[in-house]
Amino acid sequence: MTDTESITRFSKEPERAQQRRTIRLGASGSTIEVLAGPAETTGNVSIYRWRMSPSSRGPAPHFHTTFSETFIVEEGEVAYFDGRSWRTLRPGDTAHAAVGDVHALRKERAEPATLLMALSPGVPREEYFAQLATMNERELSRLHEAHDNHFVDDYGR
């Protein structure tokens, strides 16, 4: 394959855009865009873009036992908890939670924010995100457990 063939193959943006899936997170206006799932990366990573609406809060302190998460802020500000303290992330800032690390995100300003989330190894989270907005409290607990979200009560919130 020549460099020209490579550039041509990877520059078919209209086709790629049609393959992406956007998941609405309830009535808040927040969305998750699936940029790359495990099937597209041979299981190495899943990449999502989270567009947080002004009213979006973010998840409470939690951890995962099977994957790590890396967050990169594209727009706005997001507070990130690393299991010890909170810090503000701004555009271009990155935070990483290794497997088992307690972490959380929250918005402290009533402004939108956008961040990239990279999960490694890649895990399919599309159905988890899609179901979040429709679950009652009891079902929500089961959903979290089934998708490796383990919340830590009153931890740094």
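Please read these numbers as outputs of a predicted model, since none were measured by experiment.

Chemist: Describe in detail the nonpolar core, supporting the description with residues and values.
Modeler: Considering soluble globular proteins, one finds that nonpolar side chains tend to be buried as a cluster. Counting residues in hydrophobic clusters, the biggest one holds 25 residues, and the most contacted among them are Ile32, Trp50, Leu115, Met117 and Phe129. Looking at this core, the elements that each hand over two or more residues are strand E2 (31-36), strand E3 (46-52), strand E5 (68-75), strand E6 (78-81), strand E8 (94-97), strand E10 (113-120), helix H3 (126-132) and helix H4 (137-146). Examining the composition of this core, we find that four residues originate from one element, E10, more than from any other. Beyond its immediate sequence surroundings of up to four residues, isoleucine 32 is in contact with Arg21, Thr22, Ile23, Leu25, Tyr48, Arg49, Trp50, Met117 and Phe129.

Chemist: Lay out the sheet that holds strand E7 (residues 86-89) with the relevant residues and their values.
Modeler: Hydrogen bonds along the backbone pair up the strands of a sheet, which may run parallel or antiparallel. With antiparallel pairing, three strands are arranged side by side in an open sheet as E7-E6-E9. At either margin of the open sheet sits one strand with a lone partner, and together these are E7 and strand E9 (104-106). Across the sheet, the mean angle separating the axes of adjacent strands is 30 degrees when strand polarity is ignored. Pairing of E6 with E9, which is carried by three bridges, proceeds in the antiparallel orientation. Across the sheet, the residue bridging to alanine 79 is arginine 106, located in E9.

Chemist: So what about the confidence of the model for the protein? Which residues, and what values?
Modeler: Here the protein shows a mean pLDDT of 86. Residues at 70 or above account for 85%. A low-confidence stretch, residues 1-12 stays under pLDDT 50, and its non-local contacts, those more than four residues away or across chains, total two contacts.

Chemist: I'd like a rundown of the sheet that holds strand E1 (residues 21-24), residues and numbers included.
Modeler: Across the sheet, six strands lie side by side as E1-E2-E3-E10-E5-E8; this open sheet has antiparallel pairing. Of all strands in the sheet, those with a lone pairing partner are E1 and E8, marking the two edges. Across this sheet, the average inter-strand angle for adjacent strands is 20 degrees, counted without regard to direction. Of the pairings in the sheet, the one linking E1 to E2 comprises four bridges and is antiparallel in character. Within the sheet, the bridge partner assigned to isoleucine 23 lies in E2 and is isoleucine 32.

Chemist: Lay out the environment of glutamate 111 in plain terms, naming residues and giving numbers.
Modeler: With respect to the secondary-structure elements, glutamate 111 resides in the loop between E9 and E10. Distance from glutamate 111 to serine 55, taken between C-alpha atoms, is 7.6 Å for residues 56 residues apart in sequence. The residues touching glutamate 111, leaving out its near neighbours within four places in the chain, are Ser53 and Pro54.

Chemist: Before we move on, can you summarise the pattern of salt bridges with the specific residues and values?
Modeler: Pairing between side chains of opposite charge can happen when their charged atoms approach one another. As enumerated under the stated definition, the model contains eight salt bridges in all. Across the pair glutamate 127 and arginine 21 runs a salt bridge whose closest N-O atoms are separated by 3.4 Å. One end of the pair, glutamate 127, is in helix H3; the other, arginine 21, is in strand E1, and 106 residues separate them in sequence. With relative accessibility at 36%, the residue arginine 21 sits in the partly exposed group. Here the residues in one salt-bridge network are Glu33, Arg49, Arg51 and Glu74, joined through shared partners.

Chemist: Break down the packing of aromatic side chains for me, citing the residues and quoting the values.
Modeler: Applying the stated criterion to the full structure yields four aromatic pairs. Geometrically, the ring pair formed by phenylalanine 71 and tyrosine 80 is tilted, given 5.9 Å between the ring centres and 50 degrees between the ring planes. You'll find phenylalanine 71 and tyrosine 80 in the same group, each marked buried. Aromatic rings pair up to connect Tyr48, Tyr128 and Phe129 into one cluster. The cationic tip of arginine 106 hangs over the ring face of tryptophan 86; the distance from NZ or CZ to the ring centre is 3.8 Å. It is arginine 125 that lies over the ring of tyrosine 128; its NZ or CZ is 4.3 Å from the centre.

Definitions and cut-offs
Residues numbered from 1 in each chain as written. Predicted model: local features only at pLDDT ≥ 70, side-chain atom pairs only at ≥ 80, totals over all residues. Heavy atoms only, no water. Core = buried A, V, L, I, M, F, W, Y, C linked by side-chain atoms within 4.5 Å. Buried < 20%, exposed > 50% of the residue type's maximum accessible area, 1.4 Å probe, protein only. Helix = DSSP H or I, 4+ residues; strand = E, 2+ residues; numbered from the N terminus. Contact = heavy atoms within 4.5 Å. Pairing = 2+ DSSP bridges. Axes fitted to C-alpha atoms, helices over the stretch in contact; angles between N-to-C directions. pLDDT = per-residue confidence, 0-100. Salt bridge = Lys/Arg side-chain N within 4 Å of Asp/Glu carboxyl O. Phe/Tyr/Trp six-rings, centres within 6.5 Å; stacked < 30°, edge-to-face > 60°. Lys NZ or Arg CZ within 6 Å of the ring centre and 35° of its normal.

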